[in-house]
Amino acid sequence: MIKKYSKLVDWMKRYHKILTAVFSVVFILINYLIMRYLVMYDRTAWSHLMYIPIIFAGVILGPWGGLIMGILAGIVAGPFIPISDQPLIRQFWADWIFRMTIMILAGLLAGAFGNLYQRTRQQVFDLRLRHSDSLLLNINALEQMTLEKKKSYTFVSIIIANGDSICEVAGYHAYYEYLRLVEKELLSYDKDIKLIQPKPNHLWVIKPTGDLMKDIDQMLHILHQSATISDQRLFVDYSLGFTQKKHVQDTKLANYFIHSDIAAKEARMKNLTHMIYNDFDTLRLLSYELLTEFQEALYDGSLYLNYQPKFDLKTKKPSGLEALIRWNHPTRKMIRPDQFISDVEQTNMIHEMTQQVFRWSLDCQKKLNEKGVFLPISINISTRNFYDEAFFSKMMTILKEYDVKPKYVELEITETVLMENPEMSKAILELFANEGFKIAIDDFGKGYSSLAYLAQFPINIIKIDRIFTRQILINPTTQHIVKATIDLAKQLGYEVLIEGIEDKETADLLERLGCQSAQGYYFMKPKSEGEIITYLLQYK
Ligand code: G
Ligand code: G
Ligand code: MN
């Protein structure tokens, strides 16, 4: 019943103009017949009913509709009603002409208001689908788009990396004008192209699949050409990602841009103008999926720590532990940190991750302390953690939850953050150092900092990167570099640890070179918490 009714409403909506015209004409004619044959006196009163179809037609059909109905009503209520009511004589022609003029005016006025209403309504509707500043289509518009089913389309993501700078330097208007120009040029290249602006500095293009190489050339050309706005040349730093989809079915069109977004980001990272998604494997997509699962993994036990001992090279006894994160994924099994950390670092989950790692390592420390074992445990700090203003206070709060002394906590940081943002890093590191935390420089030598530069920071330990360890037996130059580094570091008061020792020869050599401690598969691979506790109890 309801379905039938809604079908009727649809049908009426579709033919509402014709229906309005028919209704108005019929109304006028019926009213005419009543006036002519049924009402004997006071026909003028009935002629007022004519305004209903006139105004109705005006509002719905516009001024033309109002005009035509006004004339029609004026005529049928005029010369076609030969006898006026009182006295029973012929209608005077000037009377009905006057009445018709009023009717036409009413029709035109209603038409003008109707048009105004329709335009305003359309504008409000458009505003919902377009950005009010750039006037490009937004996500709402994408959600309402439909593509021809089973056809092939090319999806393009455009990242404008310096959009914010353009706004600051050349002004917002120049930037939006540029975007509009790009839209115009794209449409003149192919009128079936759809351009959406999901984010201020991000564009999506949908185009029926054609010659991909030609499309790429044309789009790059358009993005370049459009960058001249009223004689001002903008520098626009764009990266494009392309992907082609056959037999498009999905109604959620945003999903089709996942691959082109990845390709555009990859192009951006490699400083290329564009990349095609097929160019590289699905590993990146994997990382997107992994990120969504990561949040839960932090709390459901699938993320946990392994520990690798550090050894004193002289006594060959363990001198500390490094906590290393592991992910036992339900379907993908073991995932190594290098497969997810760099992605997690792009999100704010890195802060939660470091805090969780800190909790777990403190928990392990507490268990060891209760068994009478006291060794520092180091955790790896991401460069991103320093950008969290509350990092220090959050870490202190966690430390206080466990009964562990700060001197048993080591923070491993890489040189990068110290080079990127020295003042901030120094301030944060000093806060930790003042509390008694130990600070280690991880992967030293891999970056480009020098010990002279690092001297300004409160550092206790230098961990020489394992790229040196690998070559030290075969390459005399490496040996000289490592020796010099060890000597200088010791003179500056640092403890020196070498990473990645895989055989006895290297261990012996480094001991001779004066290195104090070492870490590596030769001594021990990373082990689970249970195994490491059992192992350390031997040395008690
Ligand atoms: O243990 P593995 O070799 O897979 O570690 C690879 C890299 O991941 C190393 O560079 C290590 O520093 C890093 N890593 C391991 N655990 C953590 C962690 O808890 N936090 C951060 N930021 N990096 C870690
Ligand atoms: O960058 P960082 O120092 O945090 O890296 C520690 C990582 O190095 C750990 O993930 C660990 O698995 C790895 N590692 C530890 N010892 C060795 C080793 O002897 N050889 C190699 N190739 N990797 C090692
Ligand atoms: Mn480390």
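Moving on to helix α9 (residues 172–189). Along an α-helix, a turn takes 3.6 residues, which lines up residues three or four apart on a common side. Compared with an ideal rise of 1.5 Å per residue, which puts 18 residues at 26 Å, α9 spans 26 Å between its outermost C-alpha atoms and is within 8% of the ideal. Among the residues of α9, those classed as buried are Ala174, Tyr175, Tyr176, Tyr178, Leu179, Val182, Glu183 and Leu186.

Let us look at the site of ligand 1. Close contacts around ligand 1 come from Leu324, Ile325, Arg326, Arg336, Pro337, Asp338, Ile341, Met353, Val357, Asn380, Ser382 and Asp442, and that covers them all. Within the contact set of ligand 1, an oxygen atom lies 3.3 Å away from a side-chain nitrogen or oxygen of Asn380. Considering ligand 1 on its own, with 510 Å² of exposed area, one finds that the protein chains cover 81% of that surface. Given that more than half its atoms are within 2 Å of the pocket grid, ligand 1 belongs to the largest pocket.

As a further point, take the coordination of the manganese ion (ligand 3). At 2.2 to 2.3 Å from the manganese ion (ligand 3) lie its protein donor atoms, namely Glu322 (OE), Asn380 (OD1), Glu412 (OE) and Asp442 (OD). Taken in chain order, the donor set of the manganese ion (ligand 3) reads E-x57-N-x31-E-x29-D. Highlighted residues: Glu322 in strand β9 (residues 318–329) and Glu412 in strand β12 (residues 409–414), separated in sequence by 90 residues. Of the two residues, Glu322 and Glu412, both sit in the buried class.

Attention shifts here to the pattern of salt bridges. Tallied over the entire structure, the rule returns 16 salt bridges. For Glu410, the salt bridge goes to Lys310, with nearest N and O atoms at 2.8 Å. Here Lys310 lies in strand β8 (residues 303–312) and Glu410 lies in strand β12, a separation of 100 residues in the sequence. Its relative accessible area of 5% is what places Lys310 among the buried residues.

Looking now at the domain arrangement of the protein chain. Per the domain assignment, the segments of the protein chain are domain 1 (2–129), domain 2 (139–278) and domain 3 (301–539). Computed from C-alpha coordinates alone, the two centres of domain 1 and domain 3 are separated by 86 Å.

The rules behind these values
Residues numbered from 1 in each chain as written. Chains lettered and ligands numbered in written order. Predicted model: local features only at pLDDT ≥ 70, side-chain atom pairs only at ≥ 80, totals over all residues. Heavy atoms only, no water. Helix = DSSP H or I, 4+ residues; strand = E, 2+ residues; numbered from the N terminus. Expected span 1.5 Å × (residues − 1). Buried < 20%, exposed > 50% of the residue type's maximum accessible area, 1.4 Å probe, protein only. Near = heavy atom within 4 Å. Polar contact = N/O pair within 3.5 Å; in protein donor to acceptor, adjacent residues only side chain to side chain. Areas by Shrake-Rupley, 256 points an atom, 1.4 Å probe, with all protein chains shown as cover. 1 Å grid on protein atoms, 1.4 Å probe; cavity = no way out; pocket = protein on both sides within 12 Å on 5 of 7 lines; lining within 4 Å. Sits in = over half its atoms within 2 Å of the grid points. Donors = N, O, S within 2.8 Å, 3.2 Å for Na, K, Ca; no water. Salt bridge = Lys/Arg side-chain N within 4 Å of Asp/Glu carboxyl O. Domains from an automatic or database assignment.

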